[in-house]
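These are the residues of each chain, in order.
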Amino acid sequence: MSVGSVPAGYEVKDPGYPTPEENYLTNSRGLLTWAFTLDHKRIGVMYLVGVSVSFLVAGLLALGIRLHLFAPEGWLFNNSFFKWLAPDKAPNDIYNQVFTLHGAIMVFLFIIPSIPAALGNFLVPVMLGAKDVAFPRLNLSSFYLWVAGAVFFVMALLASGLDTGWTFYTPYSTTTDTSVIMATTGAFILGFSSIFTGLNFIVTINTMRPPGMTWFRMPLFLWATYSTSIIQVLATPVLGITLLLLIAERTMHIGIFDPEYNGDPVTYQHFFWFYSHPAVYIMILPAFGVISELISVHSHKRIFGYRFIAYSSIAIALLGFLVWGHHMFTAGMGPMTTIIFSALTFTVSVPSAIKVFNWLATMYKGAISLTTPMCYAIAFIFLFTIGGLTGLHLGTLATDMHLHDTYFVVAHFHYVMVGGTLVAFLGAVFHWWPKMFGRMYNELWGQISAVIVFLGFNLTFLPQFVLGSRGMPRRYATYDPEFAGLHAMSTWGALLLGVGLFVALIVLLVSLFKGKKAPANPWGAATLEWACTSPPPFYNFERAPVVGDPYEFGDIQWDGASDRYVKVEPKRETIPTEKPSESPAHAGE
Amino acid sequence: MLNMIPAAIMPLADYTDSKLSFFPESASTFSSDSDWIFYFISIVALIFFIAIVIALFGFTVKYKKAKGMAAESQTDHNTTIELVWSIGPSFLLIVMFYFGAQGYLAHRTIPEGSYELGVDAYKWGWGINYGKFVIHPELHVVAGEPTKLTMTSSDVIHSLYIPAFRVKKDIVPGRYNYMWFKATKPSEKVVTDEELEQLAAKDAETNASWNYDERQFTPDGYTFYDLYCTEYCGTNHSEMQTVVVVHETRADLDAWIKKYSKRASTESPASYGQKLYERRGCKTCHSIDGTKVGYVGPTWKDLAGTSRPLANGDEVLADENYLRESILNPKAKIAAGYQPVMPSYKGQLTDDDIYSLVEYIKSLSESGSGGEAEADAGEGTEEDTSPGANDEQAGDEAAQ
């Protein structure tokens, strides 16, 4: 339908392109306006840059790990360059520190903040129809806490490295002479950043919904963010306390975790996983939210089972608190405790499965556009299904006895964390990129990046399932020669995955300079963020937006004449309202 | 790097020669249970996975539409279907949980009258305690007989894992953890004693230690199963491996234990000390060629007889008394630049063992072979005769 063919009594709504003054990116200039901004969108963009740099660093460390494991006796860190770089460290020590930093940076600096902090900050208020988050200053401070935490991690790396693994298990962490205190202080600070973000979203979603935005009119991404925020607020303090206790144990030998002072190391594991298992859902729940949006929008079909998906997010958030013991099946808990944890673990798989089935049902009889975000969404469903199903082998006690702490576990959680969260993150970045920066990227190269990432990822981690079931333990710097073939295969996969991610990065960066101007609604989506211009104006919406069904695609029409999706609605009288004042109502004047 | 390409393009090469299976050899009563449940879960998972993938790619191909086309249907719920796929799979989960829990209880129910061994895990090695001061890094058990391991760690958390037996248990410092298994497939003796002697002589010449991976049999000529540490424990975590040998009969095992029970009268203390250095975990922390990188303890080369700076600023002469004290009470005098991480060997080494180790350390030092040292060595031998004799008596009593 072209604009000219709109029947009488209907009007076409298309906000067009923003003017430079309206646009949040350009309405004020200079580094300081960014550094002290209270605008959730700018904070989101700063987070995006931060987590991307962290991901790049952690990804390069991952390549280091894989290249070292090219040969059974170790390859990369045995080279003379590393002897020159760190003369008093054996190749094994370098390997141990590299895998520790890879894990710590990936988890604390990338996966946990990637979707909630970077994309959530940008999207939550716009999708909700609000002007900003409830506490803009808290929001900015949470970003700077993140930066401070990252600085501590870098300092730990430069001081004397860190070789405990990202889990800081006692008593190893209380006895090693590497910078445990520096790194745990960093993680402690990052915990505050995470709590602040969570608090902010909970209050924003509870109090700042515009008229008409009921709970069941919220896009599923907001449900996912809300569930995630609950976990962040409730679980993260436990991590903070645990890390403080660890520091106290290390410096004052108070005797909680270290058996030398009558402590119990398994207590640490209980504390640690009481946070860190729910944290796994901090990593994956937002990804579920993203995929629900992507599948629905790019299939141009209502999401199937909205309420089931929404409730299953809450169910996962709550059940996620009850299953931490499955990290300790072989640690020597009582048999009954172990069996109860195994039973509870299985309950979490049900809501996850519900989501997968609902996404497939959404695609059924849809009008699927194979855009880059959709390619990533499809890759997500494939990879997350493998990750989820192999979790069954680990939740089952008899098989976990064999597979625990082997490469099977490594493969399983990489399928969930990387195949899940990272791929969803990439899909989300490609999906909302035109909204964030007002530019379209090269669709073909975006699709190519999705395919390379998908292939490279599978080549990296599928062999690791076989390695694990054949008995290859994790965190080994050297290994028995019989595992060499599969390790080499995995390394080639990692290199390919690296190429795919590099292509994605180039596609996005090039689009900033050479990309076509993005229309307000390039995909034909119905959620509110597509109702404002791309990029959005400073206050997102001139007046409180008219809230409709986030998955109602009936009035979104493709307009061939102007080559974009437009909203077509019956004409109605609107009462003219005053333009809003310069600062938002909640700014506290 | 180029020479690794063949290995990369033939990833299954290692498994094609009679080893096509997904698992390592199955060699305990737990293996078949564990594998059966694994295959059961895998098949269920695969059925779901294939269905999901067919739907995923099938829908993608079938419902791919040009830009701007509307979807055929906007159906967004069907309570019956949603309830079926929410509740239906739960029954399969209950089955998995049930078999898993049952298999796990078998791991936790240790049969009465099991053959009992002690395991001491330390950074980075294993001491399997066969009783009467016979402590050896290799785990030797008897086929068809339940074996119970009582495990302790003297430093950080370790985890004992035998892939062929499908068993694993963490070893937590400050508590005893137990595990048991019943091995089913005995190891084979694949090399004759003469050939072994030749190999040992060759190794002694080149000063090489036994390479299990390369030779695929133990210094006694048996094939073996791998035993790994699977809880990350620091620098040489990946080197913390040993082997399991399954003997056909108890008599075989007892003969093997007897062979390692004490120093043969014909063997010099220094050469026995070298064996203890290899066997008792000394070599993971102390080098004998002066290397510092990768070792958490001071090298033994040129150690004996020299003056050593201590962490508290004092100096000490590394004589026999200091060496003996450092073995029995390592935290008493910490060498400068090192952490107090060495566990005590009190009660784990006989006096003759300690004497042999000290003699070995002295043999690595030029200044250690002075006249004074020799006199001390003489004393040591005299002192040693009585505990050694007691030991033998104890052994005889046990035999009766």
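These numbers come from a predicted model, not from an experiment.

## Things to note about the side chain of His298 of chain A
Residue and element names in this part refer to chain A. Summarising the element assignment, His298 is placed in helix α9 (residues 265-299). Among the residues examined, His298 registers a relative accessible area of 1% and is labelled buried. A polar side-chain atom of His298 sits 2.8 Å from a polar atom in the side chain of His431. Apart from the residues within four sequence positions on either side, His298 is in contact with Ala367, Ile368, Ser369, Thr371, Pro373, Met374, His431 and Trp523.

## Some points on the sheet that holds strand β10 (residues 241-247) of chain B
Residue and element names in this part refer to chain B. In spatial order, the strands read β4-β10-β9-β6-β7; together these five strands make up an open sheet with mixed pairing. At either end of the open sheet lies a strand with only one pairing partner, and these are β4 (139-142) and β7 (167-171). The sheet shows a mean angle of 25° between the axes of neighbouring strands, taken without regard to direction. As judged from the four bridges shared by strand β9 (residues 225-229) and β10, these two strands associate in the antiparallel manner. Paired with Leu227 across the bridge in β10 is Thr242.

## Quick look at the sheet that holds strand β1 (residues 10-13) of chain A
Residue and element names in this part refer to chain A. In space, the three strands of this open sheet follow the order β1-β3-β2, with antiparallel pairing throughout. In this open sheet, the two strands that pair with only one neighbour each are β1 and β2 (556-559). Along the sheet, successive strands turn relative to each other by an average axial angle of 40°, direction set aside. Strand direction decides the pairing type here: β1 and strand β3 (residues 564-570), joined by four bridges, are antiparallel. In the strand pairing of β3, Tyr10 is matched with Pro570.

## Comments concerning the state of the cysteines
Residues and elements named next belong to chain B. Going through the model one piece at a time under the given rule, you end up with zero disulfides over all chains. Sulfur of Cys229: no disulfide; nearest cysteine sulfur belongs to Cys233 and is 4.0 Å away. You can call Cys229 buried: its relative accessible area is 0%.

## Considerations on the environment of Pro522 of chain A
Residue and element names in this part refer to chain A. With respect to the secondary-structure elements, Pro522 resides in the loop between α16 (484-514) and β2. In the structure, Pro522 is positioned 88 residues away from Pro434 in sequence and 7.7 Å away in space, judged by C-alpha atoms. Not counting residues up to four positions away in its chain, the partners in contact with Pro522 are Pro434, Met440, Trp530 and Tyr565.

Rules behind the numbers
- Residues numbered from 1 in each chain as written.
- Chains lettered and ligands numbered in written order.
- Predicted model: local features only at pLDDT ≥ 70, side-chain atom pairs only at ≥ 80, totals over all residues.
- Heavy atoms only, no water.
- Helix = DSSP H or I, 4+ residues; strand = E, 2+ residues; numbered from the N terminus.
- Buried < 20%, exposed > 50% of the residue type's maximum accessible area, 1.4 Å probe, protein only.
- Polar contact = N/O pair within 3.5 Å; in protein donor to acceptor, adjacent residues only side chain to side chain.
- Contact = heavy atoms within 4.5 Å.
- Pairing = 2+ DSSP bridges.
- Axes fitted to C-alpha atoms, helices over the stretch in contact; angles between N-to-C directions.
- Disulfide = S-S within 2.5 Å.

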